Amino acid sequence: MNLAFIPSPSTGVIELGPIPLRGYAFCIIIGVFVAVWFGNKRWIARGGKAGTVADIAVWAVPFGLVGGRLYHVITDYQLYFSDGENWVDAFKIWEGGLGIWGAIALGAVGAWIGCRRRGIPLPAWADALAPGIALAQAIGRWGNWFNQELYGKPTDVPWALEISEGTNRVAGTYHPTFLYESLWCVGVAVLVVWADRRFKLGHGRAFALYVAAYCAGRGWIEYMRVDEAHHVLGLRLNVWTAIIVFVLAVTYIVISAKTRPGREEIVEPAVADLAKDGEKTTDAGSSTDADASADASSTDADASADASSPETDSSSEDGAGAPDAQATGSEAGETPQKADRS
């Protein structure tokens, strides 16, 4: 008899009048917000502009949801298109069923469109968002808890998950694979943040590290699950997917580190251009101030020279030059200037 276990909610839906509030949907939405918030902080730290991550996420998230659902429906087509099943259920995303592989793949297409519109390199944006995606997955996995799905093999460990009787499930206590994957994703996020600070990962390597680390954990967690799945050579399809994607991610890290070492100095050209314009404006202002100062000095010098000119003239007229001045004035028929100074 198991005296300790993790209880499952009696229902995954709370009826708020005519509006159903679904725990699965809430977990997905909260995960997206956390990913965008954390990604924005990392993007700003890299020299980007606040709000850019959210602007691109507007493209990436819808594409990701569609991709995740497509992967699930294609790989588990028997749940929707076999005899006795209703194909309309394939559109009921709120009931669960998002494949992370399809979500990342098609989400990357949406992100590429958003980055292209903003003139931003996709690898740099993906690096900034990588740990946030891992955290979003950690939160999103709790949606499986609300739906009582994707649990592991029967067990009596103290942290076993209690599953109630229902459609396509038998009451009992099972390994909480949703919890294992959630904790693993948190660890992946911490790993990526640490490695990025330690090794200054760039050009998509932080994102590739997230992919490789996630696949390493997903492989053994997937092996524990007991829900229906297609098998290839004795392994679940998702295990093979994790192995292949892991190899591709590690290969990318190795090749990228050799061909494009270091990190991007500029991640958002528009911000860099604004900084340059600001420097030019500052330089122009300094030059203008210097010119104004020089002009003022020149004006003061001229004024000083003009002021000293009469004294020079008077001293020369008081001296030997006075007769010449008088003669000149007499010849012109004018009163000598000396009389005016008396």
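Peer 1: Run through the overall build of the protein, naming residues and quoting values.
Peer 2: Helices and strands together make up the secondary structure of the protein, namely twelve helices and six strands. Going through the 342 residues of the protein one by one, you find that 36% of them count as buried. Taking contacts inside the protein between residues at least 6 apart in sequence as the whole, the part at least 24 apart equals 71%. Entry remark: accessible area of the protein is about 19,700 Å², with carbon and sulfur atoms responsible for 64%.

Peer 1: So what's going on with a nonpolar patch on the surface? Residues and values would help.
Peer 2: Among the surface-exposed residues, Ile243, Phe246, Val247, Val250, Val254 and Ile255 lie close enough to one another that they form a single nonpolar patch of about 470 Å² accessible area. Look at valine 250 and you get partly exposed, because its relative accessible area is 31%.

Peer 1: Any details on the nonpolar core? Residues and values, ideally.
Peer 2: A general feature of soluble globular proteins is that nonpolar side chains tend to end up buried together. With 35 residues, the main nonpolar core has Trp43, Trp101, Trp125, Val192 and Tyr210 as its most contacted residues. Elements with a minimum of two residues in this core: α2 (52-75), α4 (100-118), α5 (122-140), α7 (177-199), α8 (205-224) and α9 (237-259). The contact partners of tyrosine 210, leaving out residues within four places of it in the chain, are Ile104, Ala130, Ile133, Ala134, Gln137, Val188 and Val192. Ranked by size, the runner-up nonpolar core spans seven residues in total, among them Trp145, Tyr151, Ile163 and Tyr174.

Peer 1: Go over the confidence of the model for the protein, please, and point to the residues and values.
Peer 2: Across the protein, pLDDT averages 83, with 78% of residues at or above 70. In this model residues 307-342 is a low-confidence stretch, pLDDT under 50, and it forms eight contacts with partners more than four residues away in sequence or in other chains.

Peer 1: I'd like a rundown of the packing of helix α1 (residues 23-45) against α2, residues and numbers included.
Peer 2: The contact between α1 and α2 brings their axes to 10 Å, and the two run at 145 degrees. Here α1 runs over α2; the crossing is right-handed. Where α1 abuts α2, its residues Ile28, Val32, Val36, Gly39, Asn40 and Trp43 lie against Thr52, Val53, Ala54, Ala57, Val61 and Leu65. Counted by class, the contact of α1 with α2 contains nine nonpolar, three polar and no charged residues.

Peer 1: Please provide a residue-by-residue account of the packing of α5 against α7, values included.
Peer 2: Taken N-terminus to C-terminus, the directions of α5 and α7 make an angle of 165 degrees; their axes are 8 Å apart at the nearest point. Relative to α7, α5 is oriented roughly antiparallel. Note that α5 runs across α7; the crossing there is left-handed. Contacts from Ala130, Pro131, Ala134, Leu135, Gln137 and Ala138 in α5 reach Glu181, Ser182, Cys185, Val186, Val188, Ala189, Val192 and Val193 in α7. Looking at the contact of α5 with α7 residue by residue, the classes come out as eleven nonpolar, two polar and one charged.

Peer 1: Residues and numbers for unusual backbone geometry, please.
Peer 2: The backbone of histidine 203 shows a phi angle near 60 degrees, a positive value even though the residue is not glycine. The backbone phi angle of leucine 233 is positive, close to 55 degrees, even though this residue is not glycine. Mapped onto the secondary structure, leucine 233 falls in the loop between β5 (231-232) and β6 (235-236).

Peer 1: If you had to explain the side chain of aspartate 127 to someone new, which residues and values would you point to?
Peer 2: Along the polypeptide, aspartate 127 turns up in helix α5. Of the side chains with opposite charge, arginine 46 comes closest to the buried, unpaired aspartate 127, at an N-O distance of 4.6 Å. Polar contacts involving the side chain of aspartate 127 include one to the main-chain amide nitrogen of alanine 206, which spans 3.1 Å. If near-sequence neighbours (up to four positions away) are discounted, aspartate 127 is found in contact with Arg42, Arg46, Leu201, Gly202, His203, Gly204, Arg205, Ala206 and Phe207.

Peer 1: Before we move on, can you summarise the environment of isoleucine 266 with the specific residues and values?
Peer 2: Examined against the element boundaries, isoleucine 266 turns out to sit in the loop between α9 and α10 (269-318). Residue classification places isoleucine 266 among the partly exposed positions, given a relative accessible area of 46%. Along the backbone, isoleucine 266 and glycine 48 are 218 residues apart, and their C-alpha atoms lie at a distance of 8.2 Å.

Peer 1: Account for the packing of aromatic side chains, with residues named and values stated.
Peer 2: Summed over all chains, the structure comprises eleven aromatic pairs. Ring geometry for phenylalanine 207 and tyrosine 210: centres 5.5 Å apart, planes at 55 degrees, overall tilted. Highlighted residues: phenylalanine 207 and tyrosine 210, both in helix α8, separated by three residues, approximately one helical turn. According to the relative accessible area criterion, tyrosine 210 is buried, its value standing at 2%.

Peer 1: Give a detailed account of the pattern of salt bridges, specifying residues and quantitative values.
Peer 2: All told, the structure shown has 13 salt bridges when counted by the stated rule. Note that arginine 42 and aspartate 196 form a salt bridge whose closest N and O atoms lie 2.8 Å from each other. One end of the pair, arginine 42, is in helix α1; the other, aspartate 196, is in helix α7, and 154 residues separate them in sequence. Using a relative accessible area of 13% as the deciding quantity, one classes arginine 42 as buried. On the basis of relative accessibility, which here comes to 5%, the residue aspartate 196 falls in the buried class. The shortest N-O distance in the salt bridge between arginine 141 and glutamate 181 comes to 3.0 Å. In this pair, arginine 141 sits in the loop between α5 and α6 (142-147) while glutamate 181 sits in helix α7, placing the two residues 40 residues apart along the sequence. Three or more residues joined by partner-sharing salt bridges are found here, namely Arg141, Glu181, Arg218, Glu222, Arg225, Asp227 and Arg236.

Here is what the cut-offs are and how they apply
- Residues numbered from 1 in each chain as written.
- Predicted model: local features only at pLDDT ≥ 70, side-chain atom pairs only at ≥ 80, totals over all residues.
- Heavy atoms only, no water.
- Helix = DSSP H or I, 4+ residues; strand = E, 2+ residues; numbered from the N terminus.
- Buried < 20%, exposed > 50% of the residue type's maximum accessible area, 1.4 Å probe, protein only.
- Contact = heavy atoms within 4.5 Å.
- Areas by Shrake-Rupley, 256 points an atom, 1.4 Å probe, with all protein chains shown as cover.
- Patch = residues over 30% accessible without salt bridge, like charges linked within 9 Å, V, L, I, M, F, W, Y side chains within 5 Å.
- Salt bridge = Lys/Arg side-chain N within 4 Å of Asp/Glu carboxyl O.
- Core = buried A, V, L, I, M, F, W, Y, C linked by side-chain atoms within 4.5 Å.
- pLDDT = per-residue confidence, 0-100.
- Axes fitted to C-alpha atoms, helices over the stretch in contact; angles between N-to-C directions.
- Left-handed = near helix turned anticlockwise from the far one by under 90°.
- Nonpolar A, V, L, I, M, F, W, Y, C, P; charged D, E, K, R; others polar.
- Parallel < 35°, antiparallel > 145°, perpendicular 65-115°, else oblique.
- Lys, Arg positive; Asp, Glu negative; His and termini not counted.
- Polar contact = N/O pair within 3.5 Å; in protein donor to acceptor, adjacent residues only side chain to side chain.
- Phe/Tyr/Trp six-rings, centres within 6.5 Å; stacked < 30°, edge-to-face > 60°.

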